[in-house]
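Coordinate analysis (summary)
If you want the building blocks of each chain, they are given just below.
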Amino acid sequence: STLFPYTTLFRSRTGTVIVTGAAGGIGRAIAEHFARAGAGIVIADIADEAGRAAAAELEGAGARARFVHCDVGDEGDVAGLIDTALAFGSGRLDVLVNNAGILDSADFLDLPLAEFDRVLRVNVRGAFLAGQAAARQMVAQVKAGGEPGTVINMSSVNSKFALPDHVAYSISKGGMSQLTKAMALSLARYNIRVNAIGPGSINTAMLAQVMSDDVVRRRILSRTPLGRVGETAEIAEIALFLASPAASYITGQTVYADGGRLPLNYTVPVEGA
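Note that this is a predicted model, so its numbers are computed, not measured. (Residues numbered from 1 in each chain as written. Predicted model: local features only at pLDDT ≥ 70, side-chain atom pairs only at ≥ 80, totals over all residues. Heavy atoms only, no water.)

This part covers the overall build of the chain. Along the chain, the regular secondary structure elements total eight helices and seven strands. For the chain, whose C-alpha radius of gyration is 18 Å, the value lies close to the compact-globule estimate of 19 Å for 273 residues. In the chain, which comprises 273 residues, the share counted as buried stands at 52%. Within the chain, contacts between residues separated by at least 24 positions form 75% of all contacts whose residues are at least 6 apart in sequence. Surface accessibility of the chain: about 12700 Å² in total, with carbon and sulfur atoms responsible for 55%. Taken as two groups, the 24 positive and 26 negative side-chain charges of the chain have centres that lie 7 Å from each other. (Helix = DSSP H or I, 4+ residues; strand = E, 2+ residues; numbered from the N terminus. Rg over C-alpha atoms; globule rule 2.2 N^0.38 Å. Buried < 20%, exposed > 50% of the residue type's maximum accessible area, 1.4 Å probe, protein only. Contact = heavy atoms within 4.5 Å. Areas by Shrake-Rupley, 256 points an atom, 1.4 Å probe, with all protein chains shown as cover. Lys, Arg positive; Asp, Glu negative; His and termini not counted. Charge placed at Lys NZ, Arg CZ, Asp CG, Glu CD.)

Once that is clear, we can look at unusual backbone geometry. Phi is positive for serine 90, which is not a glycine, with a value near 55°. Here serine 90 lies in the loop between helix H3 (75-88) and strand E4 (95-98).

Turning to the packing of helix H1 (residues 25-36) against helix H2 (residues 48-60), a few remarks are in order. Working note: a packed helix pair is described by the angle between its axes plus the distance between those axes. With their axes 11 Å apart at the nearest point, H1 and H2 run at an angle of 20° to one another. With respect to their mutual orientation, H1 and H2 come out roughly parallel. Helix-helix and strand crossings are classified by hand; for H1 and H2 the assignment is right-handed. Side by side, H1 and H2 meet where Arg28, Ala31, Glu32 and Ala35 of the first sit next to Ala53, Ala54, Glu57 and Leu58 of the second. Here the contact of H1 with H2 is built from residues that sort into five nonpolar, no polar and three charged. (Axes fitted to C-alpha atoms, helices over the stretch in contact; angles between N-to-C directions. Parallel < 35°, antiparallel > 145°, perpendicular 65-115°, else oblique. Left-handed = near helix turned anticlockwise from the far one by under 90°. Nonpolar A, V, L, I, M, F, W, Y, C, P; charged D, E, K, R; others polar.)

Within this model, the largest pocket holds a volume of roughly 1600 Å³. Every residue lining the largest pocket is counted, 50 residues in all, and those nearest its centre are Gly101, Leu103, Tyr169, Thr204 and Met206. Contributions of two or more residues to the lining of the largest pocket are made by H1, strand E2 (40-45), helix H4 (113-143), helix H5 (167-187), helix H6 (205-211) and helix H7 (214-222). Residue contributions to the lining of the largest pocket peak at four residues, all from H6. Considered class by class, the residues forming the lining of the largest pocket number 27 nonpolar, 15 polar and eight charged. (1 Å grid on protein atoms, 1.4 Å probe; cavity = no way out; pocket = protein on both sides within 12 Å on 5 of 7 lines; lining within 4 Å. Points joined across faces, edges and corners; volume = space filled by probe spheres on them.)

To continue, consider the side chain of arginine 92. In this fold, arginine 92 is placed in the loop between H3 and E4. Taking relative accessible area as the criterion, arginine 92 reaches 15% and is therefore assigned buried. At a separation of 3.1 Å, a polar atom in the side chain of arginine 92 contacts the side chain of aspartate 94. (Polar contact = N/O pair within 3.5 Å; in protein donor to acceptor, adjacent residues only side chain to side chain.)

Structurally, isoleucine 43 can be placed in strand E2. The class of isoleucine 43 is buried, set by a relative accessible area of 0%. Between the C-alpha atoms of isoleucine 43 and alanine 31, which are twelve residues apart in sequence, the distance is 7.3 Å. What isoleucine 43 contacts, discounting residues up to four positions off in sequence, is Val19, Ala22, Ala23, Ala31, Gly51, Ala54, Ala55, Leu58, Arg66, Phe67 and Val68.

A few words on the environment of aspartate 71. Summarising the element assignment, aspartate 71 is placed in the loop between strand E3 (65-69) and H3. A C-alpha to C-alpha distance of 16 Å links aspartate 71 and asparagine 153, two positions 82 residues apart in sequence. Discounting residues that sit within four places of it in the chain, aspartate 71 has contacts with Ile46, Asp77, Val78 and Arg121. Of note is the side chain of aspartate 71, whose polar atom sits 3.0 Å from the backbone nitrogen of glycine 73.

Okay, structure coming up:
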């Protein structure tokens, strides 16, 4: 990791960071990086066993961590998450990372309405509910004379690129980018910044399964000019940057970490293909 200059980001005062969908993958990497920067981490997920294990591992490494079962699409669960985070963090919330997300896998013509609703409920409604609840707390902190917090949403290159077999996911990530802009404009008067990260293909357990298929691997790498998939730590570093004073004049933006995919209008050679 290249945590400098973020290793002291939360050292001078108690800081609390909520990361949704943090039981594994990108969310877990983000939680680990913020913990190493000195924050108290609230891991929110519906995967109880993995979430508890992630929190226990952070605590074993000397961090302050707490797991909270939370279905981000449920308003009551989200309210409970904020209450738990405030109790855990001495009444203060510094950062929300809206990372929870799920995927559909059906062609547009075959996508069931129930599956469409399931994805939008987590990816858009969940981000809205958690973002609104966190922002209301952050505004209250500002009005009480405290420092503003920041919100980081997890978008995707699929906010720009549509996929015919991930229709609901593509729509949800487009919505996430627009939600980021709307939140940023609403909260700017409180100096609460809202930004998003748009990853390309990142080395998670899910992608590893896909990359085991040589045809799929070549297709993914052929549209990635840097010639490799990204690492979860590289996304976590961006989250740290966006939460830090180094990004103090950045709001309403989506930072795309995609190995050069968005500017690409052709394919690139794949080594070993």
